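Chain residues, written in single-letter form:
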Amino acid sequence: MGEAVHGRTTRLELVDSTLREWDAAVVASDPEEGIVLDRSAFYPGGGGQPPDHGVLLWGGVQTRIADVRRRDDLWLVPLEEDPLPPVGTVVRGALEDDRRTALMRTHSGLHLLSGVVFRDFGALVTGSNMDPLSGRLDFNLDEVPAGFKESVEAACNAEVSADRAISAYELSRAEAFAIPDIIRTATNLLPPTIEVVRIVDINGLDVQADGGTHVASTLQIGRIQVVKVENKGKGFRRIRVSLPD
Ligand SMILES: [Zn+2]
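What you see is a predicted model; the values in this text were computed from it and never measured. In every chain, residue numbers begin from 1 and rise along the written sequence. This being a predicted model, a pLDDT of at least 70 is required before a residue's local features are given, and a value of 80 or more before pairs of side-chain atoms are given or counted; all residues contribute to the totals for chains, interfaces and linings. The side-chain quantities take in all heavy atoms of the structure and omit both hydrogens and water.

Draft legend 1. Broad picture of the overall build of the protein chain. Helices and strands together make up the secondary structure of the protein chain, namely 4 helices and 16 strands. The atom set for the radius of gyration is the C-alpha atoms, and the globule formula is 2.2 Å times the number of residues raised to the power 0.38. Relative to the globule expectation of 18 Å for 245 residues, the C-alpha radius of gyration of the protein chain, 19 Å, shows essentially globular dimensions. Projecting the C-alpha coordinates of the protein chain onto the three principal axes gives extents of approximately 60 × 40 × 35 Å. Should any heavy atoms of two residues lie within 4.5 Å, those residues are counted as being in contact. Sequence-distant contacts in the protein chain: of pairs separated by 6 or more residues, those separated by 24 or more amount to 65%. Each accessible area value is a Shrake-Rupley result obtained with a 1.4 Å probe; residue values ignore everything except the protein chains displayed when judging cover. When the accessible area of the protein chain is evaluated, it comes to approximately 11200 Å², of which 51% is carbon and sulfur surface. The centroid of the 26 positive side-chain charges in the protein chain is displaced by 5 Å from the centroid of its 37 negative side-chain charges. Put simply, DSSP marks the helices as runs of H or I at least four residues long and the strands as runs of E at least two long, and each gets a number from the N terminus on. Asp and Glu count as negative and Lys and Arg as positive, but His and the ends of the chain are not part of the count. Think of each charge as sitting on NZ of Lys, CZ of Arg, CG of Asp or CD of Glu.

Draft legend 2. Just the coordination of the zinc ion, in detail. Summarising the metal site, the zinc ion is bound by the protein donors His 107 (NE2), His 111 (NE2) and Asp 210 (OD), whose distances to it range over 1.9 to 2.1 Å. Each donor residue of the zinc ion belongs to the same chain, and together they define the spacing H-x3-H-x98-D. Taken together, the residues His 107 in helix H1 (residues 97-121) and Asp 210 in the loop between strand E14 (206-209) and strand E15 (225-231) connect sequence positions 103 residues apart. In terms of burial, His 107 and Asp 210 fall into one category: buried. Donors, by definition, are the N, O and S atoms found within 2.8 Å of a metal, the threshold being 3.2 Å for Na, K and Ca, and water is not counted, so a site can look incomplete. Working definition: with a 1.4 Å probe on protein chains only, accessible area under 20% of the residue-type maximum means buried, over 50% means exposed, and in between means partly exposed.

Draft legend 3. Fine view of the sheet that holds strand E12 (residues 166-172). In space, the 3 strands of this open sheet follow the order E12-E13-E14, with antiparallel pairing throughout. Each edge of the sheet is formed by a strand with only one pairing partner; in this case those strands are E12 and E14. Shown here is a sheet whose adjacent strand axes are inclined to one another by a mean of 25°, direction ignored. For helices, the fitted axis covers only the stretch in contact; all axes are lines through C-alpha atoms, and the angles between them, taken along N-to-C directions, range from 0 to 180 degrees. Across the face of the sheet, H1 comes into contact with E12, strand E13 (196-202) and E14 while running at roughly 120° to E14. Here, strands pair whenever DSSP counts at least two bridges between them.

Draft legend 4. Region of interest: the sheet that holds strand E1 (residues 5-6). With respect to topology, 3 strands assemble into an open sheet ordered E1-E2-E5, the strand pairing being mixed. Unpaired on one side and paired on the other, E1 and strand E5 (39-40) mark the two borders of the sheet. Two strands pair when backbone bridges link them, and strand E2 (residues 9-11) and E5 are joined in this way by 2 bridges, in the parallel orientation. Pairing of Thr 10 across the sheet is with Arg 39, part of E5.

Draft legend 5. Molecular detail of the environment of Ile 166. Secondary-structure assignment places Ile 166 in strand E12. Exposure remark for Ile 166: the relative accessible area of 10% places this residue in the buried category. When the C-alpha positions of Ile 166 and Val 215 are compared, they lie 6.8 Å apart, and in sequence the two are 49 residues distant. If sequence neighbours within four positions are ignored, Ile 166 has contacts with Ser 108, Val 200, Asp 201, Ile 202, His 214, Val 215, Ala 216, Ser 217 and Thr 218.

Draft legend 6. Local environment of H1. With 25 residues, H1 ought to run about 36 Å at 1.5 Å a step, and its terminal C-alpha atoms sit 35 Å apart, in line with that. Burial within H1 is extensive, with 18 of its 25 residues counted as buried. Looking one or two places after H1, you find Gly 122, whose phi comes out positive at around 70°. Multiplying 1.5 Å by the helix residue count minus one yields the expected span of that helix.

Draft legend 7. Structural view of the pairing of strand E3 (residues 21-30). Where E3 and strand E9 (residues 90-95) come together, 5 bridges link them in antiparallel fashion. Paired with Ala 24 across the bridge in E9 is Val 91. In this structure, E3 lies alongside strand E4 (residues 34-37), joined through 4 bridges in antiparallel fashion. When the sheet's bridge partners are listed, Asp 30 is paired in E4 with Gly 34.

Draft legend 8. Representation of the layout of surface pockets within the structure. Buriedness of a pocket was judged along seven lines, with at least five required to meet protein on both sides within 12 Å; pockets are open sets of points on a 1 Å grid over the protein atoms alone, cavities are sets where a 1.4 Å probe fits but cannot get out, and lining residues have an atom within 4 Å of a point. Grid points are joined across faces, edges and corners, and a volume is the space filled by probe spheres set on the points. In this structure, the second largest pocket spans a volume of roughly 230 Å³. What lines the second largest pocket is a set of 19 residues, and nearest its centre among them are Ser 17, Met 104, His 214, Val 215 and Ala 216. Secondary structure elements with two or more residues in the lining of the second largest pocket: H1 and E12. Per-element accounting of the lining of the second largest pocket gives the leading share, 3 residues, to E12.

Draft legend 9. Representation of the side chain of Thr 218 in the model. By the secondary structure assignment, Thr 218 is in the loop between E14 and E15. The exposure class assigned to Thr 218 is buried, which follows from its relative accessible area of 0%. We define a polar contact as two N or O atoms separated by no more than 3.5 Å, with the added condition that, inside protein, one atom must be a possible hydrogen donor and the other a possible acceptor, whereas residues neighbouring each other in sequence contribute only through side-chain atom pairs. A polar side-chain atom of Thr 218 sits 2.7 Å from the main-chain carbonyl oxygen of Glu 159. Residues within four places of Thr 218 in sequence aside, it is in contact with Leu 112, Glu 159, Val 160, Ala 162, Asp 163, Arg 164, Ile 166 and Ile 202.

Encoded structure:
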């Protein structure tokens, strides 16, 4: 997969989602805007996945990062009371591993849920939200059969146990739109200016255009619990899941 760049920052997390520590140089530092690094593994948020938290270590001090702003550059937002590394400083970046790993499992779990509900019930995703180890997907689904909640949960956990590989790769816009699964993910309508599409593929189950970070196989998601199925009006069902482990 090609190098991913946003403004002056090379985005390491899109090439290696297991990376948790790396060295980088500060290329911009501003009390209002925050910090820009030449290389960063902080996922900035997007596609329903919240931004990473972590620290920059430099000169014997630490700068805690609590948010990321996507502008022309990726601005890492430090806690207000923390020191700001000057331009040129070499820092050690480190992600909060518990949060990122939980978000990767949750994000992959929601793709798995989307694949299962489409395969078994023909329903499309219309909305989503996620926190570490919990999330929800909305589906356009008119009627649900008796035992729907239990059967979705059983099918999801069968796919977890199947240990399907999850991979990310890039396709041209034309190649991506030739995949029927891409067209069915109604929430992933891509702006016409995007020429290269990043694909997240759960082998044999689900293919989506996606910019997030994912675990390497469905087994790494862990057990999926369907907490609730809500009827939100005609043709609108909301499925809430949690990852209890
Ligand atoms: Zn996604």
